[in-house]
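# Survey of secondary and tertiary structure
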Amino acid sequence: MNEADMSVLARAGDEAGAWAWVRVSRDRVEVFGALAAFAVLCILVLSSASRLVEPDDYAYRASIVAITQGHFLTLSTAQVDRLAAQLPGPAPGVPGVLQWVQLPGGRWISEKDPGYPFLAAPFQAAGIIRLAPLFYGALGCLGLFFGARRWLGRYGGPAAVALFCSSGAALLFAWRDYMPTFTDASLIAAGSGALLWAVLAAEATTRRRTWNGLAGFAALEAAVFVRYTDVVVLGCAVVAVVAAWRLRAVPAAVLGWWLGSVAVTIAGVGLFDGLVYGGPLRSGYRPGEITFSLGAVLPNLRYMPAHLIQAMPMLVPGLAALTWIAIRRVRLRGPGDERAARARRDLAVALALAASWFSVWGLYAAYTWTANPFGSTLQFARFYVPAAGAISLLGSWLVTRLPRRASLAAVTSAAAALAMFGLGAWSFAIMREFWLFPRP
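For the structure given in this document, a descriptive report is provided here. (Residues numbered from 1 in each chain as written. Predicted model: local features only at pLDDT ≥ 70, side-chain atom pairs only at ≥ 80, totals over all residues. Heavy atoms only, no water.)

## What to know about the overall build of the chain
Within the chain, the secondary structure is distributed over 17 helices and two strands. Relative to the 2.2 N^0.38 estimate, which gives 22 Å for 440 residues, the radius of gyration of the chain is 24 Å and therefore close to what a compact globule would have. In terms of overall dimensions, the chain has a C-alpha envelope of 90 × 45 × 45 Å along the principal axes. Per-residue burial for the chain yields a buried fraction of 51% across its 440 residues. Counting contacts in the chain only where the partners sit at least 6 residues apart, residues at least 24 apart contribute 76% of the total. When the accessible area of the chain is evaluated, it comes to approximately 20,100 Å², of which 66% is carbon and sulfur surface. Distance between charge centres in the chain, computed from 37 positive and 23 negative side chains, equals 5 Å. (Helix = DSSP H or I, 4+ residues; strand = E, 2+ residues; numbered from the N terminus. Rg over C-alpha atoms; globule rule 2.2 N^0.38 Å. Buried < 20%, exposed > 50% of the residue type's maximum accessible area, 1.4 Å probe, protein only. Contact = heavy atoms within 4.5 Å. Areas by Shrake-Rupley, 256 points an atom, 1.4 Å probe, with all protein chains shown as cover. Lys, Arg positive; Asp, Glu negative; His and termini not counted. Charge placed at Lys NZ, Arg CZ, Asp CG, Glu CD.)

## Overview of empty space enclosed by the protein
Applying the stated criterion to the full structure yields one cavity of 30 Å³ or more. In this structure, the largest cavity occupies an estimated 150 Å³ of space. If you trace the largest cavity, you find 17 residues lining it, with S63, F72, L73, I109 and P117 closest to the centre. Every element with two or more residues in the lining of the largest cavity is listed here: α2 (55–68), β2 (108–110) and α4 (115–125). Broken down by element, the residue count for the lining of the largest cavity peaks at four residues, all from α2. For the lining of the largest cavity, the class distribution of residues is twelve nonpolar, three polar and two charged. (1 Å grid on protein atoms, 1.4 Å probe; cavity = no way out; pocket = protein on both sides within 12 Å on 5 of 7 lines; lining within 4 Å. Points joined across faces, edges and corners; volume = space filled by probe spheres on them. Nonpolar A, V, L, I, M, F, W, Y, C, P; charged D, E, K, R; others polar.)

## As for a nonpolar patch on the surface
There is a patch of nonpolar side chains on the surface, built from V31, F32 and L35 and spanning about 300 Å² of accessible area. Inspection of the secondary structure puts L35 in helix α1 (residues 3–46). (Patch = residues over 30% accessible without salt bridge, like charges linked within 9 Å, V, L, I, M, F, W, Y side chains within 5 Å. Salt bridge = Lys/Arg side-chain N within 4 Å of Asp/Glu carboxyl O.)

## Points about unusual backbone geometry
Phi at Y155 takes a positive value of approximately 70°, unusual for a residue other than glycine. In this fold, Y155 is placed in the loop between α5 (131–152) and α6 (156–166). The exposure class assigned to Y155 is buried, which follows from its relative accessible area of 14%. Not every positive phi belongs to a glycine, and R248 is a case in point at roughly 65°. Looking at where R248 falls in the secondary structure, it is placed in the loop between α10 (231–246) and α11 (252–276). On the basis of relative accessible area, R248 is assigned to the exposed category, the value being 79%.

## Quick word on the layout of surface pockets
Counted as a void, the largest pocket has a volume near 1,000 Å³. Every residue lining the largest pocket is counted, 41 residues in all, and those nearest its centre are D113, T229, Y285, I290 and Y364. Breaking the lining of the largest pocket down by element, the ones donating at least two residues are α2, α9 (206–226) and α11. Sort the elements by how many residues they give to the lining of the largest pocket and α11 lands first, with four residues. Split into classes, the residues belonging to the lining of the largest pocket amount to 21 nonpolar, nine polar and eleven charged.

## With respect to the pattern of salt bridges
Summed over the entire model, instances satisfying the criterion amount to eleven salt bridges. Put simply, K112 and D56 hold a salt bridge, and the shortest N to O gap is 2.6 Å. Taken as a pair, K112 in the loop between β2 and α4 and D56 in helix α2 lie far apart in primary sequence, 56 residues in all. An identical accessibility class is assigned to K112 and D56; each is buried. Where R328 meets D346, a salt bridge forms, and the shortest distance between an N and an O atom there is 3.3 Å. With R328 in helix α13 (residues 315–331) and D346 in helix α14 (residues 338–364), the pair connects residues that are 18 residues apart, well separated along the chain. Across the pair, exposure class does not vary: R328 and D346 are buried alike.

## Let's talk about the nonpolar core
Counting residues in each nonpolar core, the largest one holds 106 residues, and the members touching the most others are L41, W151, F217, W258, M312 and W361. Per-element accounting of this core gives the leading share, eleven residues, to helix α8 (residues 181–200). When neighbours within four sequence positions are excluded, W258 is seen to be in contact with A198, V199, R209, T210, G213, L214, F217, V241 and V250. (Core = buried A, V, L, I, M, F, W, Y, C linked by side-chain atoms within 4.5 Å.)

Okay, here's the thing in structure tokens:
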């Protein structure tokens, strides 16, 4: 090899090294952007003293404290009385154990779904209960980051994390440490992101896709144990991965492991309900206490949009992205064109995310308790928060795919994050001033 050839090779090596450094630097920028968004969430939440503002907070607190005392399922009447004496109530003369029910055998249990107390009890025992929702929020951000990055490429990850962390609903329910709302939304976000990665990572090994998908389904299954109505999201995930298998995007062996996990979980929840509540489809709520009706849809469509815009303004870019993706697919129909192939994939992902989103919102659009003008955003918006992960993923498409250049996408993502955090902080400040009970 002569000197000229060696010089060419040296320059090529220098260029390859330079490009590798640029890629690493860009990766670091994305990671730091996502970490910064989550850090802002933590700072805003922890800078405000937490408090219990609804009966639900007191119900979950009692369950969590009971678990730390060794009472994992039900309590006797004497144990409930001792627990109530230990826990301060919302007002003088009001017990510290609210919304608990007596089972036919005479023992007591919270009427709330049982999953969150088991997830939060280790934090209560360690004296760091305020970090419980933030811990699960970190898992949600992790799943969103890798799922959006796999789907959208550069800056998709931090954009999705910023949209998820910036809403007033995220700030409000991460602030309420005894409420499960932010935790089950975070578990759904983590599961959705992990499954999105596992389905789209065609070049990854079968084992890696299997384990990542199992982790995603485990997160969704945990969300169902926290809130039983999240089963509609789990059902959408099952339909999505089966459709991906039919399109040969997921190997049959991988699909088998994923669906097996779902079957075991559903059987386990049914067994739990049968042993504790007396039937596989029963819960702590009395028959007729929680009702859904088609007659509630129109009133909810009238009253809920104002609450949802205030709590989750990222629904606007989410809806805009869904519309734009559909229009783009219609315009790009060429089967051999790379842009058309990307448009087809974007539409498939968007439909799966939209199904997850609208399954939750469609279910609660028929919820009779919210179909009135008298409730607050703090009370009503919580039922719609589990869709936050899907909405954030769709919104991140809008701010990263529409700009023509990567540098412009970075600027757009940063601007969207700043705007959403500004709206979120304003909404959080308003909503946390709601008091159902008299101020102490």
